[in-house]
Amino acid sequence: MAATRPIRQRNDLFQRYETLRRNREKRTHQRLFFLEGVHPVEQAIAAGEQFLSIAYAEDKRLSGWAQDMLRRADPEELHPMPAALMAELSDRDDPCELICLVRQRMDGAERIREAVRQATTPLLVICDRPSSPGNLGTIVRSADAFGACGVLLTGHSADFYDPQCIRASIGTVFHVPFYALGSTEEAVSFLRGLPAELQIVGTSAHGAASLHEADFTRPTALIVGNETFGMSRAWKEASDLLLRIPIYGAASSLNVGSAASICLYEIARQRDFDGHR
């Protein structure tokens, strides 16, 4: 049964929520992350994430949804606090009823290997140094929608556990295995150690062929580059194919989240994807 520890002021418990919301270094060190929002909380519970604590406004009546989430999340601690303090912690104009601290998963590599092993035609998404957590969340959401086995990060990049990434993913980040690697070399080594041989497909405005000309019925690792600089030279050299998305208009390229979604749809289309609707 959860221990109840009320928060009446901006004490150490309050500061822990606030710090984990904004500080990536603290999230990494403590292996915890900040979570709020109806869909993210529901998805985290559905995925079996481990909740350390949940805070809620003690001077407001909790809805049936909030009471159900408290029961299903089964946190180690509950932190009732004044609504004014809850509003300070929230990252939203209309704060969610529940604000949570959740333990980070450390099994991303193993989950990706298992997903590749079980997939008929594996698909991975590789994000090369994405700087925007919102774009990263969008890519994770599209990876989930179009059947990817997981998402890899390389280089200095946005954080999967950034609140903006979680929000943009609509909580799908809890269902798509992810794993961060330091360099292209480490990522290529990881790919070669998987239980399937994947073609490495890069994306660039200067790609040699158009997206629809590639054969995506094969196991594939799709690379999308940094928002400003695109793919690194190392990834271009590691790619088996370098593709472009044909576009009209004055812009020379698409937002990386949009580009990744278009590529993932084309891959799914070639595989006779029909969705679940």
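Preceding this paragraph is the structure being described.
A quick note: this is a predicted structure, and the numbers were derived from the prediction, not measured.

J.: So what exactly am I meant to see when it comes to the overall build of the protein chain here?
T.: Secondary structure assignment for the protein chain yields eleven helices and twelve strands. Taking 277 residues into account, the globule formula puts the C-alpha radius of gyration at 19 Å, and the protein chain, at 20 Å, falls close to it. On the principal axes, the C-alpha backbone points of the protein chain span a range of 60 × 40 × 35 Å. The 277 residues of the protein chain split such that 50% are buried. Contacts spanning at least 24 positions in sequence make up 78% of the contacts within the protein chain whose residues lie at least 6 apart. Total accessible area computed for the protein chain in this model is approximately 13900 Å², and 46% of it derives from carbon and sulfur atoms. Each charge class in the protein chain was averaged separately, 31 positive and 35 negative side chains, and the resulting centres sit 1 Å apart.

J.: For this particular structure, what's the right way to read the pattern of salt bridges?
T.: Any two side chains of opposite charge can pair, so long as their charged atoms come close to each other. Summed over the entire model, instances satisfying the criterion amount to 17 salt bridges. Glu114 is the partner of Arg117 in a salt bridge, and the nearest nitrogen-oxygen pair spans 2.6 Å. Linking Arg117 with Glu114, this pair stays in helix H6 (residues 108-118), spanning three residues, or about one helical turn. Its relative accessible area of 49% is what places Arg117 among the partly exposed residues. Taken together, the salt bridges that share partners define one network made up of Glu18, Arg21, Arg22, Asp91 and Arg167.

J.: Looking at this model, I keep getting lost on a nonpolar patch on the surface. Mind explaining?
T.: A surface patch of nonpolar side chains, about 210 Å² in accessible area, is lined by Ile247, Leu254 and Ile262. With respect to the element layout, Ile247 can be found in the loop between strand E12 (241-244) and helix H11 (256-270).

J.: How should I be thinking about the packing of aromatic side chains in this particular structure?
T.: Two numbers describe a pair of aromatic rings. These are the distance of the centres and the angle of the planes. All told, the structure shown has six aromatic pairs when counted by the stated rule. Pairing Phe33 with Phe174 gives two aromatic rings, centres 5.7 Å apart and planes at 25°, and the pair type is stacked. With Phe33 in strand E2 (residues 32-36) and Phe174 in the loop between helix H8 (163-169) and strand E8 (178-181), the pair connects residues that are 141 residues apart, well separated along the chain. Under the relative-accessibility criterion, Phe174 is labelled buried at 3%. A ring pair is formed by Tyr161 and Phe178, whose centres lie 5.5 Å apart and whose planes are at 75°; its orientation type is edge-to-face. Placement of the pair is Tyr161 in the loop between strand E7 (150-154) and H8 and Phe178 in strand E8, with a sequence separation of 17 residues. The pair Tyr161 / Phe178 is uniform in exposure class, with both members buried. Among the aromatic residues, those joined into a cluster by ring pairs are Phe33, Phe160, Tyr161, Phe174 and Phe178.

J.: Hey, could you run me through the nonpolar core in this one?
T.: Inside soluble globular proteins, nonpolar side chains tend to come together where they are buried. Within the largest apolar cluster, 49 residues are counted, with the highest numbers of intra-cluster contacts made by Leu35 and Phe51. The leading source of residues in this core is H11, at five residues. Leaving out residues up to four positions away in the same chain, Leu35 has contacts with Pro40, Val41, Ala44, Phe51, Leu98, Ile99, Cys100, Val102, Ile166 and Phe174. With 19 residues, the next largest nonpolar core counts Ile126, Val188, Leu191 and Ala221 among its residues.

J.: Which parts of the structure should I look at to understand the sheet that holds strand E6 (residues 123-128)?
T.: Either a parallel or an antiparallel arrangement is found when strands of a sheet pair, and the pairing is made through backbone hydrogen bonds. Taken in spatial order, the seven strands line up as E8-E7-E6-E11-E9-E12-E10 in an open sheet, and their pairing is parallel. Only two strands of the sheet have a single partner each, and these edge strands are E8 and strand E10 (209-210). One ladder, built from two bridges, connects E10 with E12; its direction is parallel. Paired with Ser210 across the bridge in E12 is Arg244. In the packing of helix H7 (residues 133-145) onto the sheet, the strands contacted are E6, E7 and strand E11 (220-224), and the crossing angle to E6 comes to about 175°. Contacting E6, strand E9 (199-203) and E11, H11 runs over the sheet at an angle of about 160° to E11.

J.: Explanation requested: the pairing of E12 in the structure shown.
T.: Taken residue by residue, a regular strand's side chains alternate between the two faces of the sheet. Direction of pairing for E9 relative to E12: parallel, over a ladder of three bridges. Opposite Thr203, over in E12, you have Leu243 as the bridge partner.

J.: Explain H6 here, please?
T.: Every α-helix carries 3.6 residues per turn, so stepping three or four residues along brings you back to the same face. Taken residue by residue, H6 has Gly108, Ala109, Arg111, Ile112 and Val116 as its buried positions. Each buried residue of H6 sits inside an arc of 165° when the element is viewed along its axis, so together they form one side. Buried residues belonging to H6 abut E6, E7, E8 and helix H9 (184-192).

Criteria and thresholds
- Residues numbered from 1 in each chain as written.
- Predicted model: local features only at pLDDT ≥ 70, side-chain atom pairs only at ≥ 80, totals over all residues.
- Heavy atoms only, no water.
- Helix = DSSP H or I, 4+ residues; strand = E, 2+ residues; numbered from the N terminus.
- Rg over C-alpha atoms; globule rule 2.2 N^0.38 Å.
- Buried < 20%, exposed > 50% of the residue type's maximum accessible area, 1.4 Å probe, protein only.
- Contact = heavy atoms within 4.5 Å.
- Areas by Shrake-Rupley, 256 points an atom, 1.4 Å probe, with all protein chains shown as cover.
- Lys, Arg positive; Asp, Glu negative; His and termini not counted.
- Charge placed at Lys NZ, Arg CZ, Asp CG, Glu CD.
- Salt bridge = Lys/Arg side-chain N within 4 Å of Asp/Glu carboxyl O.
- Patch = residues over 30% accessible without salt bridge, like charges linked within 9 Å, V, L, I, M, F, W, Y side chains within 5 Å.
- Phe/Tyr/Trp six-rings, centres within 6.5 Å; stacked < 30°, edge-to-face > 60°.
- Core = buried A, V, L, I, M, F, W, Y, C linked by side-chain atoms within 4.5 Å.
- Pairing = 2+ DSSP bridges.
- Axes fitted to C-alpha atoms, helices over the stretch in contact; angles between N-to-C directions.
- Arc of directions from axis to C-beta.

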